[in-house]
Amino acid sequence: MTLIDSMLSWIPPWIIGAIIMVVPAIVALAAYRWFTRRLIHLAGRYSSFLQQLLARGRGPASAIIVIMVAGLALPAANLPWAVTAAIGRTLFVAFVLTLGWAAAIALDIGAEIYLRRFRTDTEDNLLARKHVTQIRILQRVAKTVLVILTVATALMTFSAVRQYGVSLLASAGAAGLVVGLAARPVLGNLLAGIQIAITQPIRVEDQVVVQGETGWVETITSTYVVVRLWDLRRMIVPLAFFIENPFQNWTYEEAEQVGTILLRVDSTVPIDRLRQKLDEIVRQSPQWDGKIAKLQVTDILNEGKAELRALVSARSPGQTWDLRCEVREKLLAFLQSELQPPTPPP
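This section reports on the structure supplied with the text.

Reading guide: rules and limits
Residues numbered from 1 in each chain as written. Predicted model: local features only at pLDDT ≥ 70, side-chain atom pairs only at ≥ 80, totals over all residues. Heavy atoms only, no water. Core = buried A, V, L, I, M, F, W, Y, C linked by side-chain atoms within 4.5 Å. Buried < 20%, exposed > 50% of the residue type's maximum accessible area, 1.4 Å probe, protein only. Helix = DSSP H or I, 4+ residues; strand = E, 2+ residues; numbered from the N terminus. Contact = heavy atoms within 4.5 Å. Polar contact = N/O pair within 3.5 Å; in protein donor to acceptor, adjacent residues only side chain to side chain. Axes fitted to C-alpha atoms, helices over the stretch in contact; angles between N-to-C directions. Parallel < 35°, antiparallel > 145°, perpendicular 65-115°, else oblique. Left-handed = near helix turned anticlockwise from the far one by under 90°. Nonpolar A, V, L, I, M, F, W, Y, C, P; charged D, E, K, R; others polar.

### Some words on the nonpolar core
General note: in soluble globular proteins, nonpolar side chains tend to be found buried as a group. Among the nonpolar cores identified, the biggest contains 24 residues, and Ile202, Val210, Ile220, Val225, Val227, Val237 and Phe242 are the most heavily contacted of them. Broken down by secondary-structure element, the contributors of at least two residues to this core are helix 6 (126–155), helix 8 (174–199), strand 1 (207–210), strand 2 (213–220), strand 3 (224–229), strand 4 (234–238) and helix 9 (239–244). Judged by nonpolar contacts, the second largest core, of 19 residues, contains Val269, Leu274, Leu323 and Leu331.

In structure tokens form, the structure reads like this:
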């Protein structure tokens, strides 16, 4: 017996088997990391976006390499059959979960590559908001389905779980009814997400009015929508709400909007002079889009009072609000300084 054989005889067989499996996996992982590090550094010279994509794929790729090398080295480890079968089953489950992880990252990368050509930070961003909304919703729904399929596939590798799953699907009994009722809200929101992605009643950065609150659609997930309110609060609304309930979307097709300013004044106020002043105000305002600027007498009130309505238009709801405030303030100042004080509305 050689010296090496005598030394190995003192080492437990399971340690030798672990070394046979672990050492090649570590060497393969180190070689892959060294190669990808140089590749990512080289890609950074040409495109930071490409560099980010390569960096995001390193995690699942490293896990797959380790699992495959360890699996190939498993027969050479000469471990007991029960231990070998348990390790092989564990490696297979880890491989399935890693594939699901890689597929989820691939979905994210594909969505980012597709959406790179669209920008929502421009004034004419309707087309971009349509595509961003559609891709983001479908991306989240696909990832949810992918997680369910990945976990289900991993669990079905165990015979006990597989038999339970088959019997549960075949029974259609009380347990299946309870599970179906419990999952109904989640499935309803998932289906609502698919409907919203296709029909698009709302899009990212649409300005909406939900239950009397005005805000902007900030995020659309697979189950709920985050609405950023005008005072920076966040309203969380289930996706199904936008399918089942009416709401206002001020930027559904176009962002242009007409604003209303109401004034109650003495009926002797010269209307033509006020119309001239309104025209002067909107022409000097950068918020006006040059389309609508009208002043109308909408009602004759008691005690010789009249209700006036000014209509002005702007390119977006936010600009419309600012223009309304500007016109209201300057018309009041004009009435107070040159004509007569108006009667404030109740």
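### A closer look at the environment of Gly100
Considering the arrangement of structural elements, one finds Gly100 in helix 5 (residues 81–115). The spatial distance from the C-alpha of Gly100 to the C-alpha of Thr153 is 9.9 Å, given a sequence separation of 53 residues. Each residue touching Gly100, except ones within four places of it in the same chain, is listed here: Leu146 and Thr150.

### Focus on the side chain of Arg228
Examined against the element boundaries, Arg228 turns out to sit in strand 3. At 3.4 Å, the side chain of Arg228 forms a polar contact with the side chain of Glu205. Excluding its chain neighbours within four sequence positions, the residues that come into contact with Arg228 are Glu205, Gly215, Trp216, Glu218, Arg233 and Arg234.

### Notes on the packing of helix 4 (residues 58–73) against helix 5
Axis separation between helix 4 and helix 5 bottoms out at 9 Å; the angle between their running directions is 160°. Overall, the two elements helix 4 and helix 5 adopt an arrangement that is roughly antiparallel. Seen from above, helix 4 lies across helix 5 with left-handed handedness. Note on element contacts: helix 5 touches helix 4 through Leu91, Ala94, Phe95, Thr98, Leu99, Trp101, Ala102 and Ile105, opposite Gly59, Pro60, Ala63, Ile64, Ile67, Met68, Ala70 and Gly71. A class-by-class count of the residues in the contact of helix 4 with helix 5 yields 13 nonpolar, three polar and no charged.

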